[in-house]
Amino acid sequence: FMTFLQYRILFSMSCGFLLLIHSRELFKKHTFPVVLVWFTMASFAISLMIVDLGGFNSFYYVGIILVLMVCSMVLPLDAEQAVLSSLILYAAYVVPVWFLTQNQAVNVRILLSNSFFFASFAVVSVIQCHQETQARRREFDLKMRLDSDLVASYKDFQNAREATILGLAKLAEYRDTDTGNHLERMREYTRIIAKELADIPQ
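Only a predicted model underlies this, so the values are computations on that prediction, with no experimental measurement involved.

1. Considerations on the packing of helix α4 (residues 61-74) against helix α5 (residues 79-100)
Next up, step 1: Viewed as axis vectors pointing N to C, α4 and α5 meet at an angle of 160°, and their least axial separation amounts to 10 Å. For the element pair α4 / α5, the angle class is roughly antiparallel. The chirality of how α4 crosses α5 is right-handed. On α5, the residues that touch Y61, I64, V67 and L68 of α4 are S86, L89 and Y93.
Next up, step 2: Across the contact of α4 with α5, the residue classes tally to 6 nonpolar, 1 polar and no charged.

Shown next as structure tokens:
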């Protein structure tokens, strides 16, 4: 119990450390490598428990599968990142247990059996990440199209508004012959003043 408690405390401290460094602006651009380090450490901690529980005979390997599924469900991984994550997690399970457990030859069949379940979950994880990546891309494309349509609609609205204002002003001018073309003159004056102001150095 105390050994496992130490493993868990060390792993929890490493999680806190990773969260701390990830809060820095430099690491926010590198989320995937930071998370990759985190769940490699998680798998290694579970592998140490597996070694203490008799190696590949232990059912604790399910904890590593759980880490894999949590990462693939929570993180926005694409298919390639999911494959890489699965391979690293599998290596973090097999290598420490293989080299630190006694009588490896006896455990080869169990390793193959465990590997089958691990591979099955890895395939599910890769397919899920691929589907979610496609869904995120479709959502992004849809938002871009909507933004483009919104900008075009806003420009049309501005043009219509300007045409309406100009039309109303012209209508008012036609009722008074003394101030004809007042709007055009004011617009031209405004343009000249704005141009002269823009040319003045600051």
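Right, picking up where we left off after that structure.
2. Regarding the packing of aromatic side chains
Geometry of an aromatic ring pair is reported as the spacing of the ring centres plus the angle between the planes.
Next up, step 1: In total, this model carries 6 aromatic pairs according to the counting rule given.
Next up, step 2: Aromatic pair Y90 and Y93: ring centres 6.5 Å apart, planes at 65°, arrangement edge-to-face. Pair noted here: Y90 and Y93 are both in helix α5, with a separation of 3 residues, about one helical turn.
Next up, step 3: Judged by its relative accessible area of 26%, Y90 falls in the partly exposed class.
Next up, step 4: Geometrically, the ring pair formed by Y90 and F118 is tilted, given 5.3 Å between the ring centres and 50° between the ring planes.

3. Some details on helix α3 (residues 31-52)
Next up, step 1: Over its 22 residues, α3 runs 32 Å from end to end, which matches the ideal 32 Å to within 8%, given 1.5 Å per residue.
Next up, step 2: Downstream of α3 by a residue or two, G54 has a phi angle that is positive, lying close to 110°.

4. So, the confidence of the model for the protein chain
Next up, step 1: Across the protein chain, pLDDT averages 80, with 86% of residues at or above 70.
Next up, step 2: For the protein chain, helix α2 (residues 25-28) is the element with the lowest average pLDDT, namely 66, and α5 is the one with the highest, namely 88.

5. Quick look at the nonpolar core
Next up, step 1: One finds F39, I50, I64, V67, L89 and Y93 to be the most contacted residues of the largest nonpolar core, which totals 27 residues.
Next up, step 2: At the level of secondary structure, the elements contributing two or more residues to this core comprise α3, α4, α5 and α6 (104-174).
Next up, step 3: Broken down by element, the residue count for this core peaks at 8 residues, all from α3.
Next up, step 4: The residues touching V67, leaving out its near neighbours within four places in the chain, are W38, F39, A42, I46 and L89.

6. A few points about a nonpolar patch on the surface
Next up, step 1: A surface patch of nonpolar side chains, amounting to about 680 Å² of accessible area, comprises F1, M2, L5, I9, L10 and M13.
Next up, step 2: Looking at the secondary structure, you find M13 in helix α1 (residues 2-22).

7. Description of the side chain of N114
Next up, step 1: Mapped onto the secondary structure, N114 falls in helix α6.
Next up, step 2: Among the polar contacts listed, one links the side chain of N114 to the backbone oxygen of F56, at a separation of 3.1 Å.
Next up, step 3: In this structure N114 touches F56, S58, Y61 and Y93, once residues within four positions along its chain are discounted.

8. Focus on the pattern of salt bridges
Next up, step 1: All told, the structure shown has 3 salt bridges when counted by the stated rule.
Next up, step 2: A salt bridge links K143 to E139; the nearest nitrogen and oxygen atoms lie 3.6 Å apart. Separated by 4 residues within a single helix, K143 and E139 lie in helix α6, roughly one turn from each other.

Calculation notes
For every chain, the first residue of the written sequence is number 1, and numbering continues from 1 along that sequence. Owing to the predicted nature of the model, reporting of local features is limited to residues with pLDDT of at least 70; listing and counting of side-chain atom pairs is limited to 80 or more, with chain, interface and lining totals taken over all residues. Processing note: side-chain calculations cover all non-hydrogen atoms of the structure and skip hydrogens and water entirely. The axes are straight lines fitted to the C-alpha atoms, using for helices just the contacting stretch, and the angles between their N-to-C directions are given from 0 to 180°. Helix numbers and strand numbers start at the N terminus; a helix is a DSSP run of H or I with at least 4 residues, a strand a run of E with at least 2. Angle categories: roughly parallel below 35 degrees, roughly antiparallel above 145, roughly perpendicular from 65 to 115, and oblique for all the rest. Two helices cross in a left-handed way if the nearer one is turned anticlockwise from the farther one by less than a right angle. They cross in a right-handed way if the turn is clockwise. In what follows, residue pairs with any heavy atoms lying within 4.5 Å of each other are defined as contacts. In this classification, the charged set is Asp, Glu, Lys and Arg, the nonpolar set is Ala, Val, Leu, Ile, Met, Phe, Trp, Tyr, Cys and Pro, and all remaining amino acids, among them Gly, are polar. Between rings of Phe, Tyr and Trp, where Trp is taken as its six-membered ring, a pair exists when centres lie within 6.5 Å; planes separated by under 30 degrees are stacked, by over 60 edge-to-face, and by other angles tilted. For every residue, the accessible area obtained with a 1.4 Å probe (protein chains only) is divided by the maximum for its type, and the residue is called buried under 20%, exposed over 50%, and partly exposed between those limits. Helix span, as expected, comes to 1.5 Å for every residue beyond the first. Scored from 0 to 100, pLDDT records how confident the predictor is in each individual residue. The set of buried Ala, Val, Leu, Ile, Met, Phe, Trp, Tyr and Cys residues whose side-chain atoms join them within 4.5 Å is what this entry labels a nonpolar core. Every patch collects residues that have over 30% relative accessible area and no salt bridge, joining them within 9 Å if they carry like charges and within 5 Å if they are nonpolar side chains (Val, Leu, Ile, Met, Phe, Trp, Tyr). Residue-level accessible areas treat just the shown protein chains as cover; the underlying method is Shrake-Rupley with a 1.4 Å probe. By definition here, a salt bridge exists when the distance from a side-chain nitrogen of Lys or Arg to a carboxyl oxygen of Asp or Glu is within 4 Å. Between N or O atoms, a polar contact is any pair within 3.5 Å; within protein, one atom must be a potential hydrogen donor and the other a potential acceptor, and residues adjacent in sequence are included only when both atoms are from side chains.

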